Amino acid sequence: MEEKKLSERESLELISKMISSTRKRLEVGSGNQYLYWGYFTSILSLAIYLLVYFTHNSIWNLGWFLMFAFWGLMIFKNKGRNKDVVTYSDKVLSQVWMVIGWMFVVTVSVIAFLSYRNGYPCWILMLPLSLMYCGIGSSITGVIIREPVAAYTPLIAFAFAVYMLVSYFLTRLVLLDWYLYYAISFVVMMVIPGHIINRKAKQI
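Residues numbered from 1 in each chain as written. Predicted model: local features only at pLDDT ≥ 70, side-chain atom pairs only at ≥ 80, totals over all residues. Heavy atoms only, no water.

1. Some points on the overall build of the protein
Regarding its fold elements, the protein presents 8 helices and 0 strands. Written out in order from the N terminus, the α and β elements of the protein read α-α-α-α-α-α-α-α. Each of the 204 residues in the protein was classed as buried or not, and the buried ones make up 39%. Total accessible area on the protein stands at roughly 12,500 Å², and carbon and sulfur atoms take up 68% of it. (Helix = DSSP H or I, 4+ residues; strand = E, 2+ residues; numbered from the N terminus. Buried < 20%, exposed > 50% of the residue type's maximum accessible area, 1.4 Å probe, protein only. Areas by Shrake-Rupley, 256 points an atom, 1.4 Å probe, with all protein chains shown as cover.)

2. Thoughts on helix α2 (residues 33-55)
The terminal C-alpha atoms of α2, which comprises 23 residues, lie 32 Å apart, in line with the 33 Å expected from a rise of 1.5 Å per residue. Buried within α2 are the following residues: Y34, L35, W37, G38, T41, S42, L44, S45, I48, Y49 and V52. Where α2 ends, the next residue or the one after it, H56, has phi of about 55 degrees, a positive value. (Expected span 1.5 Å × (residues − 1).)

3. Focus on the packing of aromatic side chains
Overall, the coordinates contain 12 aromatic pairs when judged by the stated rule. Here W37 and F70 contribute two aromatic rings whose centre-to-centre distance is 4.8 Å and whose plane-to-plane angle is 90 degrees, an arrangement assigned as edge-to-face. Here F70 lies in helix α3 (residues 66-79) and W37 lies in helix α2, a separation of 33 residues in the sequence. There is no split in this pair, since W37 and F70 are both buried. Ring pairing ties together the aromatic residues W64, Y179, Y182 and F186, which thus form one cluster. (Phe/Tyr/Trp six-rings, centres within 6.5 Å; stacked < 30°, edge-to-face > 60°.)

4. Digging into unusual backbone geometry
Positioned with a positive phi, H56 is a non-glycine residue whose angle comes to about 55 degrees. Assignment of secondary structure puts H56 in the loop between α2 and α3. Although it is not a glycine, R146 sits at a positive phi angle of roughly 60 degrees. Along the polypeptide, R146 turns up in the loop between α5 (126-144) and α6 (148-152). Look at R146 and you get exposed, because its relative accessible area is 55%.

5. What about α5?
The end-to-end C-alpha separation of α5 is 27 Å, in line with the 27 Å expected for 19 residues at 1.5 Å each. Where burial is concerned, most of α5 is hidden: 15 out of the 19 residues are buried.

6. Considering the environment of V52
On the secondary structure map, V52 appears in helix α2. Note on V52: relative accessible area 13%, which makes it buried. In contact with V52, not counting residues within four places along its chain, are N57, W60, N61, L176 and Y179. (Contact = heavy atoms within 4.5 Å.)

7. Examining the environment of I75
Tracing the sequence through the fold places I75 in helix α3. Note on I75: relative accessible area 31%, which makes it partly exposed. When the C-alpha atoms of I75 and M98 are compared, they prove to be 9.9 Å apart, with 23 residues separating the residues in sequence.

8. Overview of the environment of A157
Of note, A157 is situated in helix α7 (residues 154-171). You can call A157 buried: its relative accessible area is 0%. C-alpha of A157 to C-alpha of V188: the two residues are 31 residues apart in sequence and 7.9 Å apart in space. Dropping the residues within four chain positions of it, A157 is found in contact with L131, S185 and M189.

9. Looking at a nonpolar patch on the surface
Residues L51, I59, W60, L62, F65 and W123 make up a contiguous nonpolar surface patch of roughly 560 Å² in combined accessible area. As for its position among the elements, L62 is in the loop between α2 and α3. (Patch = residues over 30% accessible without salt bridge, like charges linked within 9 Å, V, L, I, M, F, W, Y side chains within 5 Å. Salt bridge = Lys/Arg side-chain N within 4 Å of Asp/Glu carboxyl O.)

10. Digging into the packing of α5 against α7
Packing of α5 against α7 brings their axes to within 8 Å, and their N-to-C directions diverge by 160 degrees. By the angle between their axes, α5 is roughly antiparallel relative to α7. Between α5 and α7 lies a crossing whose hand is left-handed. For the pair α5 and α7, the contacting residues are L127, P128, L131, M132, G135, S138 and S139 in the first and P154, A157, F158, F160, A161, V162, M164 and L165 in the second. Its residues placed into classes, the contact of α5 with α7 shows 12 nonpolar, 3 polar and no charged. (Axes fitted to C-alpha atoms, helices over the stretch in contact; angles between N-to-C directions. Parallel < 35°, antiparallel > 145°, perpendicular 65-115°, else oblique. Left-handed = near helix turned anticlockwise from the far one by under 90°. Nonpolar A, V, L, I, M, F, W, Y, C, P; charged D, E, K, R; others polar.)

Don't take any of this as a statement about function, it's just geometry.
Structure below.
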């Protein structure tokens, strides 16, 4: 069977169609991961902030583990969703976020081990680290689907993450305001880009 060679124009058109198809899959009707994760995480962080602030009880920080329950729910939801054609871009994005998810699992495991061994919990470091992980994943996604807003807004989250890590290193203090920074970061790097992607996807 003779292999058909694509011209430069045909190759660009094919790549453009793949990107458009991948962007289309991110719209709300198909399960916009940006919006789901952005809204859930922002609301969760704000809820934990308010609960800790008004009750003065850090036990509410256990609510952060709901992130893993939500992750499992999203995996289950996406498996039950039918897709017509899976493009290479779809596969790349899936693998990128799978790696990001396992980065969370490894980080939690290491922090749990060190907290148990040293008798001193350091779970608060999950906030800046997870901002970095999600920021990297969001930026890569934005680059793949050629959406500048999604590619560059995670820099805001990265700046908050660096601020948290440096301030903790210098003062060994953890401020409750970190939870608000966390919520703001997810609104900026996921909720806003999610709505923009959704609007553009509907126009395709």
